[in-house]
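For reference, the chains in residue letters:
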Amino acid sequence: MAAPNEPIVTHIYTADPSAHVFEGKLYIYPSHDIDHDGPTNDNGDQYAMEDYHVLSMDNMESHCVDHGAALHIKDVPWASKQMWAPDAAFKNDTYYLFFPARDKDGIFRIGVASSASPSGPFQAQENYIPGSFSIDPAVFVEEDGQAYMYFGGLWGGQLEKWQTGEFNPEAVGPDAGAPALGPQVAQLSDDMLTFKSEPKEISIVDEEGNPIAAGDEDRRYFEGPWMHKFGGKYYLSYSTGTTHKLVYAIGDHPEGPFVFKGTILTPVLGWTTHHSIVEFQGKWYLFYHDASLSGGVDHKRSVKFTELAYNEDGTIQTIEYK
Ligand code: FUB
């Protein structure tokens, strides 16, 4: 049975949970971590995942069901390796799985696969989404039906290599005092298979309206964006990477700008931290991962959840990781 702050499954390693309510159940779309003897480095080579499993729960106390392999890299014609953090969305009576992987040239791109069922199996498109790059897609479908994709991650995720609009393998991030790189956002076409608008960088500012600086590692964007709406406001949350926090910023429009507000979750065991936020059966939940099940191995992680609470003013109460 599932319980707060415990791995929701223990028979496989899982990470990067994207949780959604579909057909009255909670569906979780995680990365599927694997064990291997390959190298560990800042490029993220240790995250060598090859497929996705979809998980579901009838309620927060029920057994978490593993629906099995929903998409394998061998069935993605354009991808070569590293199926990283996915997300899912529902539109046009279809479920869409969005996922990053390296293409045949070793460049991270974002692909889409579709299914009639939230648990898959998913059928991948022949090619990645034209104009896509970097990692960690998160898709938010606005009440008017417009879908937005948020994406991007530094270091192994290659976001800093795209500052000119072209991939430059030698590029490094901005100087410490310069504005940090924000995540990217693009509107999706009505069929959810392409970008309707060119990806553009999101601005994250402090309470005075100044851009968060690249050297401000407690607040600057690193990877793992998530979008949710609460009280008519848009909440952009993400990982700070090197300082291992989940933090958030609030805006009035899905494309920003967003004002930095604070920390959602303090650092977990393991280098990465990655999450989603979902309302289910009248309560709000944070889905996250840590490396406790593997005794602290960074690339063997486990998805967990905990309840999330808002203050009267709409700010989120910080959760202390234990
Ligand atoms: O799981 C591989 C990568 O680690 C994800 O894409 C990042 O967000 C980090 O969790």
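Note that the structure is predicted; figures quoted are calculated from it, not measured.

Conventions and cut-offs
Residues numbered from 1 in each chain as written. Predicted model: local features only at pLDDT ≥ 70, side-chain atom pairs only at ≥ 80, totals over all residues. Heavy atoms only, no water. Helix = DSSP H or I, 4+ residues; strand = E, 2+ residues; numbered from the N terminus. Rg over C-alpha atoms; globule rule 2.2 N^0.38 Å. Buried < 20%, exposed > 50% of the residue type's maximum accessible area, 1.4 Å probe, protein only. Areas by Shrake-Rupley, 256 points an atom, 1.4 Å probe, with all protein chains shown as cover. Near = heavy atom within 4 Å. Polar contact = N/O pair within 3.5 Å; in protein donor to acceptor, adjacent residues only side chain to side chain. Nonpolar A, V, L, I, M, F, W, Y, C, P; charged D, E, K, R; others polar. Phe/Tyr/Trp six-rings, centres within 6.5 Å; stacked < 30°, edge-to-face > 60°. pLDDT = per-residue confidence, 0-100. 1 Å grid on protein atoms, 1.4 Å probe; cavity = no way out; pocket = protein on both sides within 12 Å on 5 of 7 lines; lining within 4 Å. Points joined across faces, edges and corners; volume = space filled by probe spheres on them. Pairing = 2+ DSSP bridges. Axes fitted to C-alpha atoms, helices over the stretch in contact; angles between N-to-C directions.

So, the overall build of the protein chain: which residues are in play, and what are the values?
A count of helices and strands for the protein chain gives zero helices and 21 strands. What you see for the protein chain is a C-alpha radius of gyration of 18 Å, in line with the 20 Å of a compact globule of 322 residues. The proportion of buried residues among the 322 residues of the protein chain is 59%. Put simply, the protein chain shows about 12800 Å² of open surface, and 47% of that area lies on carbon and sulfur atoms.

Tell me about the site of the ligand, residues and numbers included.
Neighbouring the ligand are the residues Asp16, Met49, Trp84, Ala85, Ile135, Asp136, Glu223, Thr272, His274, His289 and Arg301. Here Asp136 contributes a side-chain N or O atom positioned 2.5 Å from an oxygen atom of the ligand. In the environment of the ligand, an oxygen atom lies 2.7 Å from a nitrogen or oxygen atom belonging to the side chain of His274. Protein chains bury 99% of the 280 Å² of accessible surface belonging to the ligand in isolation. Of the residues belonging to the shell around the ligand, the class tally is four nonpolar, three polar and four charged.

Run through the packing of aromatic side chains, naming residues and quoting values.
Per the stated rule, a full pass over the model turns up 28 aromatic pairs. Each ring, one from Phe22 and one from Phe90, has its centre 6.5 Å from the other, and the planes form 55°; the classification is tilted. Within this pair, whereas Phe22 is found in strand β1 (residues 13-22), its partner Phe90 is found in strand β6 (residues 87-91), the two being separated by 68 residues in sequence. For Phe90, a relative accessible area of 36% translates into the label partly exposed. With 5.6 Å between their ring centres and 35° between their planes, Phe287 and Phe305 make a pair best called tilted. Of this pair, Phe287 sits in strand β20 (residues 283-290) while Phe305 sits in strand β21 (residues 302-307); the two residues are 18 residues apart in sequence, bridging distant segments of the chain.

A description of the confidence of the model for the protein chain should follow, citing residues and the corresponding values.
When pLDDT is averaged across the protein chain, the result is 98; 100% of the residues are at 70 or more. Here the predicted complex carries an ipTM of 0.98, next to a pTM of 0.98.

For empty space enclosed by the protein, give the residues involved together with the corresponding values.
Considering all chains together, one arrives at one cavity of 30 Å³ or more under this definition. The volume enclosed by the largest cavity comes to roughly 50 Å³. Forming the boundary of the largest cavity are Ser18, Ala85, Pro86, Asp136, Pro137, Ala138, Gly224, Pro225, Trp226, His274 and His275. When residues of the lining of the largest cavity are assigned to their parent elements, the largest contribution, three residues, is made by strand β15 (residues 223-230). Its residues assigned to classes, the lining of the largest cavity shows six nonpolar, four polar and one charged.

Explain the sheet that holds strand β4 (residues 65-72) to me, and be specific about the residues and the numbers.
What the four strands build is an open sheet, ordered β1-β2-β3-β4; its pairing is antiparallel. Each edge of the sheet is formed by a strand with only one pairing partner; in this case those strands are β1 and β4. Taking the axes of each pair of neighbouring strands and ignoring which way they run, one obtains an average angle of 25° across the sheet.

Can you break down the sheet that holds strand β11 (residues 147-151) residue by residue, with the values?
On the basis of which strands lie adjacent, the open sheet formed by four strands has the order β10-β11-β12-β13 and antiparallel pairing. Taken across any chain shown, the strands that pair with only one partner, and hence form the sheet edges, are β10 (138-141) and β13 (200-201).

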